[in-house]
Amino acid sequence: MSLEDIEHEERIVAFDWPLWKQILTYAKPYRRALGIMIGCGFGLAAVESGLPYITKLIIDNALGAKETADHWRYCAIYASIFACIPIAVFIFIWFAGRAATGMAYDIRAAAFDKLQTLSFSYYDERPVGWLMARLTSDSQKLASILPWFCLDIAWGVVYISGIMGWMLFLDWQLALWVFTIVPPLAVISVIFQRKLMRSQRETRKINSKLTASFNEGIVGERTTKTLSREADSLAEFQELSSSMRDYSRRNLLQSAVYLPMVMALGSIGVALALWRGGEALGVDVGGAALAVGVSFGTLVAFMQYALQFHIPIQEMAERFTQLQAAQASAERLMQLMTTEPTIVDSEEVLERMRLAEPGAAAIDGGSNRIESIQFENVTFAYKKGETVLSNFDLTVRQGEAIALVGATGSGKSTIANLVARFYEPTGGRILLDGVDYKERSLSWLQSNLGIVLQTPHLFSGTVRENIRYGNLAATDAEIEAAAELVGAHDAIAGLDRGYDTEVGEAGGLLSMGQRQFVALARAVLADPQILIMDEATSSVDTETEQRMQRGVEVVLEGRIAFIIAHRLSTIRNADRILVIDHGRIIEEGNHAHLLAAKGHYYSLYTKQFVREQEEGLLRGRPSGGE
Amino acid sequence: MHRLLRIWNLMAGHRLRYAAAIVSLIIASALLYAIQYIPTVVIDGVLAAEPSTESRVESSVALFGSRDWLRDNLWVFAAVMAGLAVAAGFFTYLRGLLAATATESIVVDLRDRLFSHLLHLPADYHDKAETGDLVQRCTSDVETLRLFLVSQVVEIGRAAFMLAAAFPFMLWIDMRMTLVATCCLPPIVFFCLIFFRRVRDRFKHVDEAEGAMTSAVQENLTGIRVVRAFARQDFEREKFAEKNAVHRDSDFQLYKVLSQFWSISDFLCLAQVSLVTGVGGYWLLAGSLGIGSYYFFLSAVNMFLWPVRMMGRILADLGKATVAIDRVGEILDSPVETDAEVEPASGRFEGAITFDNVTFHHGNQKPVLDEVSFTTKPGETLAILGPSGSGKSTIIHLLLRFYDPDSGTVRIDGRPLSEIGRKQMRRETSVVLQEPFLFSKTIQENIRLGRSGASDGEIVEAASIACVHESISEFEDGYETLVGERGVTLSGGQRQRTALARALLDEPSLMILDDSLSAVDTETEHLILQALRQRHGRHTTIIVAHRLSTLIHADQILVLDHGRVLQRGNHRELVSQDGLYRRIWNIQSAMPDAEPDGSESRAKNGVRR
């Protein structure tokens, strides 16, 4: 799945109710907070819509009965309704904050949890930045929108009903006149909110390209400089940024048209009230306007109602747009949440893990030792149709170090990935002591693994903390012992602040070689039963490598090891060397045997070493080394 | 204050547009007042049983016609109101148009400047800065500024005007009522100013917490293989949960402050409205206030309270914008790479490189290069060998002027590098770095970056020399295959070879291979090196490598350790000396297993399929 396919996921047409229902399950723990908020919203809307009516009472009293006591009574009611508003606002924000921050936390935790279980095939298809957006902006957006959406819809519906109810109650004929602005208000809102949503989506899409472009610009800064293409890069970027400007401007203009239209309709409502109300007043008055028909108070109340009409409609329309816009976020999040990891412990294994006694050998009750690993007729493809391994057989016993040799893409790393159960065979089985490894616990296997990759990843922190990652309980002495064992102690001690040197983001402050020996020490500290070294020392200088080599030989004792390397010196001492080509073993044996066989390994080996020797002799290499 | 000045400077060239936007908004607001004034006139001057005799009302009514005629034709007022409403709408739109145009122009300019600046910042800036942080400054912080510019700049203008303009208008209508209607304003403004600081501080906390949480996610996701390999999921969960919780709590703190802020400012505003309603109503009852005027004040107080009440928001946004401009400014204020004043005419170099007692440290650390001296002749191949961290790459970086030496001089063709433009130096150099970077373009476009005019044939040729043609042809889309996040992921070796093809496409004065074949298998490497040897003499070549096979043909080899040159000479000379080079040679070339004794092993090792 390429990123463009992923973008397809974002194309959303209608309001997706089942999706929102799923999202609402994250609101469940906060139903009390949401309930209080919504209840308050109802209450506030109900009393707020009564305010113009009280104004009417005050006016009519002032012009008619002129009862001072009544006046202050009405004023008291007015003020007490007003007193409710700040309290309600306080409650809204407080509880919306509770729900929004809590939901964001829960959604993030759940998504993070999910990501810890998803298989690598999932990661292979999605860039890290894409996944990160789920945990950051998407969760934030959803969690902050939902409470306000619930509140404003509840408030808006009651408020509109309240306004309409009071108007009908005061004078139903006049009310119907004023209501004529509602249909255009609704139509305009729907049309423009749709437009706004579309242009918003376009803007967001370009925005993500813009972000990627910044990222590339920063990461590739040196390459850009060495190619002297700063100007070209900038020109490419400008193309993007100006289309961003155009879309964003379009979006702004759409809302610049919408808001004045809605407000103008509100004023027209007031005009209608004045005209029809005034005429009603005019017809019935004849001096004493108050007894029949429309009173002055009613007229003023009507105009105030007309003025407020558009506020809840506009507010609700905006919330709906927000929600629609967030639907893409919701969809992507739910897609992540509902993705089933393909590599998990089976029910059976989980059951056994539950039953296993605490003191048992392994957490799933099985044997803790791994005596042998057996590939039995294993076939594997990362993508359908692109078989990397086919009918692969291999048995490795405890204490054996297996070296895998072969050209790039021959399948060496795949074998390592399968051993680590980062991927599972698409055909055949992998057996641990004769038991299919799918019948053992995944975390048990992986906690018995030590893996060192060509481009090892370190976490920001010190060298010491990074090595400790192999065994969180390790003491400083144990950490140094592990480094000593792999021949890296001196090199680490020689760093600026020794073991307390900060390695930087992803280990960026260390050289690749330095990262590699830290990673090796980390793996050794874990005391794994299976050690996988995939070009683990390719960037280490030869002398350090040799020291590491000696250390590794000690480390390998009693373990199962897979070593992948281009440098043949690294693999010369392996117990068995497999020459892999297109996913098959084409040669197998130890160094001496393979040399004697004069096959692929022999030619590979001689090509490198004999060439060096011959050339050395040509240029006068002294006889007898050290 | 200097931050406000910065925002002001940012608006340069577009200030007139903003001014026009504010004027439009003011006209729109005035029209809205006028709309509210019409019912005042109608009620007091036309509808009232005893029409007001105030000259203000009478003259206003006279504008429309005689009182009796108007009483029967109230639609006239309605029509005027509707007309004014449309006009107000138009000016509101105009305000949006002007503000949007100005803002988007400023922002596009700001983005371009940032991007360009980032490309020109020196290497040590990028060494220290975190990518995610820079990206965030260039995207979210710019967005914060954009939102501020597009709405709040004009709002500030409006809030100021609304008060200024409404005041005389209200005074004209009724002085006592004006006092009643504005007496709560000073405390509201004062209160907003106090809270502005608190809200801004909270925002900062939330931002920081969010940043920490984002980094935690990023680290976990990029290191997911390590997490799995050590089965450290629980540890990671805990680590993340902590950052997640800190973010939640600081976010809630912000909500708390906001809930206090809004409820209290609402209370003050509503107290103001209540005062107008109550006191005005009393005067109406007492007969000292016209019903129309009463209506006007009821509406007007809402109209000017709205922007005042929004002042809290404006100030909060202003606070965010000042933080954002600081963060963006930090990038823009960092000095970019500068070139020598006199840029000599560009042209090819002969390719004689001299390092003369060059010393370099990163910050206050131990020297990475310690009095390094060497010279190459034009067309020569120089190889550099040494343990990790011995300073090999630093030599390359100094040559490319990613850094400048702390002492000593680097010369090319006898001229100090500091007198040569960086641009020219880099243009005349083709480099393949240790971890080469490919752009998210097609493979062909990536290779063509080496020389923009190259034909497809030349690209294929370069790819063939770099031994990557075959791998590329195996892709479904061949040379049209997209590289990077949106396309295929190339292996380390493929990336290195593609970058090599890119470098080979050019005809530089200087070719640098910085350990750039480390992920390529030996056989392929051999082929590549052979091809490269055929270019010997066409340009000066510098090769950094660990494998002796890579270096063996070099005219000169430097053995580096701890930033010092331990040995120098060609292969023959170095092998005959005692020292690091010979030790490495012995290690790499020794065949510890003597020729095996044939028969047995041959029997055991058939070719197996």
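The text that follows walks through the structure, step by step, so that each part is easy to find. Note that this is a predicted model, so its numbers are computed, not measured.

Residues and elements named next belong to chain B. Read across the sheet, six strands follow the order E6-E7-E8-E3-E9-E10 without closing on themselves; strand pairing throughout is mixed. Edge positions in the open sheet fall to strand E6 (429-432) and strand E10 (564-569), since each of these has one partner strand only. Strand-to-strand, the axes of this sheet are offset by a mean angle of 15°, without reference to chain direction. Here strand E7 (residues 510-514) runs beside strand E8 (residues 540-544); their pairing, made up of five bridges, is parallel. Within E8, the position partnered with leucine 510 by the bridge is threonine 540. Each of strand E3 (381-385), E7, E8 and strand E9 (556-561) touches helix H14 (residues 392-399); the most contacted strand, E7, lies at about 150° to it.

Right, let's get into the pattern of salt bridges. Per the stated rule, a full pass over the model turns up 46 salt bridges over all chains. A salt bridge links Lys423(B) to Glu230(A), with the nearest nitrogen and oxygen atoms 3.9 Å apart. Placement of the pair is Lys423(B) in helix H15 (residues 422-427) and Glu230(A) in helix H11 (residues 230-285), with the two residues belonging to separate chains. When its relative accessible area of 29% is taken as the criterion, Lys423(B) is described as partly exposed. Relative accessible area serves as the criterion here: at 5%, Glu230(A) is assigned to the buried category. One network of salt bridges, in which partners are shared, links Glu221(A), Lys225(A), Glu337(B), Arg401(B), Asp404(B), Arg422(B) and Arg426(B).

Between chain A and chain B, the residue contacts involve 182 residues of the former and 167 residues of the latter. On the surface where chain A and chain B come into contact, there are four salt bridges. Close ionic contact of Glu236(A) with Lys441(B) constitutes a salt bridge, the shortest N to O distance being 2.8 Å. Between chain A and chain B we count 26 residue pairs in polar contact (both at pLDDT 80 or more) in total.

Glancing now at the sheet that holds strand E9 (residues 576-581) of chain A. Sheet strands pair via backbone hydrogen bonds, and the direction of the pair is either parallel or antiparallel. Residue and element names in this part refer to chain A. Strand order across the open sheet formed by six strands is E6-E7-E8-E3-E9-E10, with mixed pairing between neighbours. Strands at the two margins of the open sheet, each flanked by one partner only, are strand E6 (449-452) and strand E10 (584-589). With direction set aside, neighbouring strand axes in the sheet form an average angle of 15°. Direction of pairing for E9 relative to E10: antiparallel, over a ladder of five bridges. By the bridge assignment, valine 579 is partnered in E10 with glutamate 587. Where helix H15 (residues 412-419) meets the sheet, it contacts strand E3 (401-405), strand E7 (530-534), strand E8 (560-564) and E9, and its direction lies at approximately 150° from that of E8.

Basis of the calculations
- The written sequence of each chain sets the order in which its residues are numbered from 1.
- For naming, the first written chain is A and the first written ligand is 1, with later ones following in the order written.
- Local features are withheld for residues below a pLDDT of 70 in this predicted model, meaning they are given only at 70 or higher, and side-chain atom pairs are given and counted only at 80 or more; totals for whole chains, interfaces and linings count all residues.
- Side-chain metrics in this entry use all non-hydrogen atoms of the structure; hydrogen atoms and water are not considered.
- For two strands to count as paired, DSSP must find a minimum of two bridges between them.
- Labels follow the DSSP assignment, with helices taken as runs of H or I lasting at least four residues and strands as runs of E lasting at least two, numbered in each case from the N terminus.
- Note on method: axes are straight lines fitted to C-alpha atoms, helices fitted across the in-contact stretch only, with angles between N-to-C directions ranging 0 to 180 degrees.
- Here, two residues are considered to be in contact whenever any of their heavy atoms come within 4.5 Å of each other.
- For this document, the term salt bridge refers to a Lys or Arg side-chain nitrogen within 4 Å of an Asp or Glu carboxyl oxygen.
- For every residue, the accessible area obtained with a 1.4 Å probe (protein chains only) is divided by the maximum for its type, and the residue is called buried under 20%, exposed over 50%, and partly exposed between those limits.
- Any N or O atom pair separated by 3.5 Å or less is treated as a polar contact, with the protein-specific requirement of one donor-capable and one acceptor-capable atom, and with residues adjacent in sequence counted only for side-chain atom pairs.

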